[in-house]
Amino acid sequence: MNPFKEKAKKPEEYLDSIQKLYPEQYDKNETSPYTKTRIILACGAEYEANWHSHQMLRHTDDVDLKRRISLVRFLEKQQQQYLAQLKPANESILETTIAYEQLAVDLTAGMAKREKNFNVKKALDFALLEDFDHLYRYADLLDEDYGIHAEKLVGKYTEIMPGRPTVAHHRHPFDNVKGCISAKKNDIQTVLNTMIITAAEQQTMNFYMNVGAHYINEGGKRLYEEICLVEEEHVTQYGSLIDPNNDPFECSLMHEYVECYVYWSNYMTETDARIKKIWEYQFENELSHLHAALALLKKYDKKDYTDVIPNPEFPAPLELKENVDYVRSILASTVQYTGKLTDYRPISQLPEDDRYFVYNANFNSPVKDNPSHKVISDYVKKHGKDYRFQISEHPVPALANREIDNIEVGVVPSAVKLKPTDGFKPL
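Remember, predicted model here, so these are calculated numbers, not experimental data.

(A) View of empty space enclosed by the protein. Overall, the coordinates contain four cavities of 30 Å³ or more when judged by the stated rule. One number sums up the size of the largest cavity: a volume of about 70 Å³. In terms of lining, the largest cavity is formed by Lys28, Pro33, Lys36, Glu91, Glu95, Ile98, Ala99, Gln102 and Leu153. Elements represented by at least two residues in the lining of the largest cavity include exactly helix H1 (33–57) and helix H3 (93–114). As a volume, the second largest cavity reaches approximately 50 Å³. The wall of the second largest cavity is formed by Val105, Asp106, Phe132, Tyr157, Thr158, Glu159, Asn323, Val324, Val327 and Arg328. Put simply, the parts of the chain that give the lining of the second largest cavity at least two residues each are H3 and helix H10 (324–334). The dominant element in the lining of the second largest cavity, judged by the number of residues it contributes, is H10, at three residues. Along the lines of polarity and charge, the residues of the lining of the second largest cavity split into five nonpolar, two polar and three charged.

(B) Local environment of the packing of aromatic side chains. The full count for this structure, using the stated rule, is 23 aromatic pairs. For the ring pair tyrosine 100 and tyrosine 208, a centre distance of 6.3 Å and an interplane angle of 50° mean the geometry is tilted. Placement of tyrosine 100 in helix H3 and of tyrosine 208 in helix H6 (residues 188–211) is noted, with a sequence separation of 108 residues between them. By relative accessible area, which is 1% here, tyrosine 208 ends up buried.

(C) Focus on the environment of aspartate 243. Checked against the element boundaries, aspartate 243 lands in the loop between helix H7 (218–239) and helix H8 (248–269). A residue is classified by how much of its surface remains accessible, and aspartate 243, at 12% relative accessible area, is buried. Setting aside its immediate chain neighbours within four residues, aspartate 243 contacts Ile181, Ser182, Ala183 and Lys184. Here alanine 183 takes part through its backbone nitrogen, which lies 2.7 Å from a polar atom of the side chain of aspartate 243. Within polar-contact distance, the side chain of aspartate 243 engages the backbone nitrogen of asparagine 245 at 2.9 Å.

(D) Representation of the pattern of salt bridges in the model. Taken as a whole and assessed by the stated rule, the structure comprises 22 salt bridges. Notably, a salt bridge pairs lysine 28 with glutamate 95, separated by 3.1 Å at the nearest N-O pair. Of this pair, lysine 28 sits in the segment before H1 while glutamate 95 is found in helix H3, placing the two residues 67 residues apart along the sequence. The residues lysine 28 and glutamate 95 share a single accessibility class, namely buried. The residue glutamate 250 makes a salt bridge to lysine 303 at a minimum N-O spacing of 2.7 Å. In this pair, glutamate 250 sits in helix H8 while lysine 303 sits in the loop between helix H9 (273–301) and H10, placing the two residues 53 residues apart along the sequence.

(E) Layout of the packing of H6 against H8. Two elements in contact, H6 and H8, have axes separated by 10 Å at closest approach and are oriented at 95°. By the angle between their directions, the pair H6 and H8 is classed as roughly perpendicular. Touching Ile188, Gln189, Val191, Leu192, Met195 and Ile196 of H6 are Met254, His255, Tyr257, Val258, Tyr261 and Val262, all from H8.

(F) Expanded view of the packing of helix H4 (residues 118–146) against H6. Between H4 and H6, whose axes approach to 12 Å, the crossing angle comes to 25°. On the basis of the axis angle, H4 is roughly parallel to H6. Seen along the crossing, H4 lies across H6 with a hand that is left-handed. Contacts between H4 and H6 involve Val120, Leu124, Asp131 and Tyr138 on the former and, on the latter, Thr190, Thr194, Ile197, Glu201 and Tyr208.

(G) Expanded view of the layout of surface pockets. Each pocket or cavity is described by its volume, and for the largest pocket that value is around 460 Å³. Looking at the lining of the largest pocket, the elements with two or more residues in it are H1, helix H2 (63–84), H3 and H6. Residue classes in the lining of the largest pocket are distributed as 12 nonpolar, six polar and four charged. Looking at the second largest pocket, its volume works out to about 390 Å³. Per-element tally for the lining of the second largest pocket: the top contributor is H6, with seven residues. Of the residues belonging to the lining of the second largest pocket, the class tally is 14 nonpolar, eight polar and three charged.

The rules behind each value
- Residues numbered from 1 in each chain as written.
- Predicted model: local features only at pLDDT ≥ 70, side-chain atom pairs only at ≥ 80, totals over all residues.
- Heavy atoms only, no water.
- 1 Å grid on protein atoms, 1.4 Å probe; cavity = no way out; pocket = protein on both sides within 12 Å on 5 of 7 lines; lining within 4 Å.
- Points joined across faces, edges and corners; volume = space filled by probe spheres on them.
- Helix = DSSP H or I, 4+ residues; strand = E, 2+ residues; numbered from the N terminus.
- Nonpolar A, V, L, I, M, F, W, Y, C, P; charged D, E, K, R; others polar.
- Phe/Tyr/Trp six-rings, centres within 6.5 Å; stacked < 30°, edge-to-face > 60°.
- Buried < 20%, exposed > 50% of the residue type's maximum accessible area, 1.4 Å probe, protein only.
- Contact = heavy atoms within 4.5 Å.
- Polar contact = N/O pair within 3.5 Å; in protein donor to acceptor, adjacent residues only side chain to side chain.
- Salt bridge = Lys/Arg side-chain N within 4 Å of Asp/Glu carboxyl O.
- Axes fitted to C-alpha atoms, helices over the stretch in contact; angles between N-to-C directions.
- Parallel < 35°, antiparallel > 145°, perpendicular 65-115°, else oblique.
- Left-handed = near helix turned anticlockwise from the far one by under 90°.

Here's what the structure looks like:
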């Protein structure tokens, strides 16, 4: 599908009443976990477009332009608010958090499996293991504080066990910045991947920052704080991949194109008939925004959409589904990697005084009191072993012991011996 060739209404036709903006919530016990993650994903795409529009507003003195982008921005906010309200009142912050992390795992893995740009794939594979570990930490907190097994929430589609331990995620900011892509020289799937994963991680960081301080106990508050800082690292990593050469009007067009693709993908893959109708309506809504952005591009830049998106046909729909085997393979081969400027390196290849070791040791001092470690170590002290859901033995032997929380993997070079052929491999 080429969304630019689809007929669109005027944006004004989608201005709704407050009654229409409050939907019937989903049933948290019956709804597919991937329906929940699709909702979160769409909210993230909306936030990115909305925030870009706010920045445009603050950097122009053209009043007519301000009005035109403000109309679309308000409609974006309507969409985001409507989707956010699909969450039922009886779903706790922590239950929602499990959905955020399942989205991070299966979205990232799904993108990495079909990513053609090797550097983008490495970034996806790298952060995948960190979000996978966050899911495990939050799942143990959920069982401890609410007596709920997260395997039910993820539908047993996503394993819950240690990834690269969260204590290993803390890097100097210099090592989170990666090289940007050229949007015009890369496959449209790569361009979409960089923008969508950035939006998803930004949404996650914002959510943890806003809700973490309201958690029911200090251990949970501190866990949200720590993982929120890791999400900042991820947003930096992914955001630095995006082509920085588009002007504000080109960026607006790209944001609307991405949103159209997300809604179309959600519609094509949704299993809930009621929610599927929502995706259809929101896609049609988003088409009006895309065509409005195109009108601005033509007026102010004197360009057509092909000047920004040379190949605008949508690739295959973005599908959220299980990726157990893929995650296991990346765990087994790259769990000992860290960021090194614009690339990634096994920590065994770093000098003892490398910036990573110095920064990480300072951040985690003392490591025994690190929040992500304590949530597991405290759980083990009380229950004798951690909470996990896994289909077979852990692919990293050092992480197989359920009676201790390993805080050396990813931090101590000798903690895991990787095979010479292991690591990030081109497709």
